[in-house]
Amino acid sequence: VQLQASGGGLVQAGGSLRLSCAASGLTFSSYAMAWFRQAPGKEREFVAAISSSGGSTYYADSVKGRFTIFRDNAKNTVYLQMNSLKPEDTAVYYCAAKTGVPFSSYRLYQYWGQGTQVTVSS
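Scope of this entry: the structure provided in the associated data block. (Residues numbered from 1 in each chain as written. Predicted model: local features only at pLDDT ≥ 70, side-chain atom pairs only at ≥ 80, totals over all residues. Heavy atoms only, no water.)

Things to note about the nonpolar core
Threshold: For our purposes a nonpolar core is just a set of buried Ala, Val, Leu, Ile, Met, Phe, Trp, Tyr and Cys residues, chained together by side-chain atoms within 4.5 Å. Each residue's exposure class comes from its accessible area (1.4 Å probe, protein chains only) as a fraction of the maximum for that residue type: buried when under 20%, exposed when over 50%, partly exposed otherwise. A run of DSSP states H or I qualifies as a helix once it reaches four residues; a run of E qualifies as a strand once it reaches two. Both are numbered from the N-terminal end. Contact between two residues is taken to exist if any of their heavy atoms lie within 4.5 Å; hydrogens are not considered.
Among the nonpolar cores identified, the biggest contains 37 residues, and Met33, Trp35, Leu80, Met82 and Tyr93 are the most heavily contacted of them. At the level of elements, β1 (2-6), β3 (17-24), β4 (31-38), β5 (45-50), β7 (67-72), β8 (77-82), β9 (91-99) and β11 (116-121) are the ones that each hand at least two residues to this core. Those residues within four positions of Leu80 in sequence are excluded, and the remaining contacts are Leu17, Arg18, Leu19, Trp35, Val47, Ala48, Phe67, Thr68, Ile69 and Tyr93.

Overview of the sheet that holds β7
What counts here: Pairing between two strands is assigned when DSSP locates at least 2 bridges connecting them. Every axis corresponds to a line fitted to the C-alpha atoms, with the helix fit spanning only the stretch in contact, and the corresponding angles, defined between N-to-C directions, vary from 0 to 180 degrees.
Here we have four strands laid out as an open sheet, ordered β1-β3-β8-β7, and antiparallel in their pairing. Each edge of the open sheet is held by one strand with a lone partner, namely β1 and β7. Adjacent strand axes in the sheet meet at a mean angle of 15 degrees when their direction is disregarded. Sheet topology note: the β3/β8 ladder contains six bridges and is antiparallel. What sits directly across from Leu19, in β8, is Leu80.

Below, the structure is given as structure tokens:
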């Protein structure tokens, strides 16, 4: 199984980025997907999750209304559209996959991507 995250970069506060996570080696449409992030010196935290069908989405309070998670099962890809970025969004962003329903606990996810750096300047 491989999860390949991309799309990170440097952006000014108020800007936007779209992260992508391309999956291979698994039946993508059977997996819930999520994005987590980890800033230096901090624990990994939940950002957003989506059910296997894409019909249900979940967000951390800190990103609700600014970030959108969506997926394209035909392309085996999950996305995270990030708008109105803030300096506190700076972190390495990871995509993750699990069977069953989505959860916000990173310990429940079976597969992880390598991470992509997002840096928001003030």
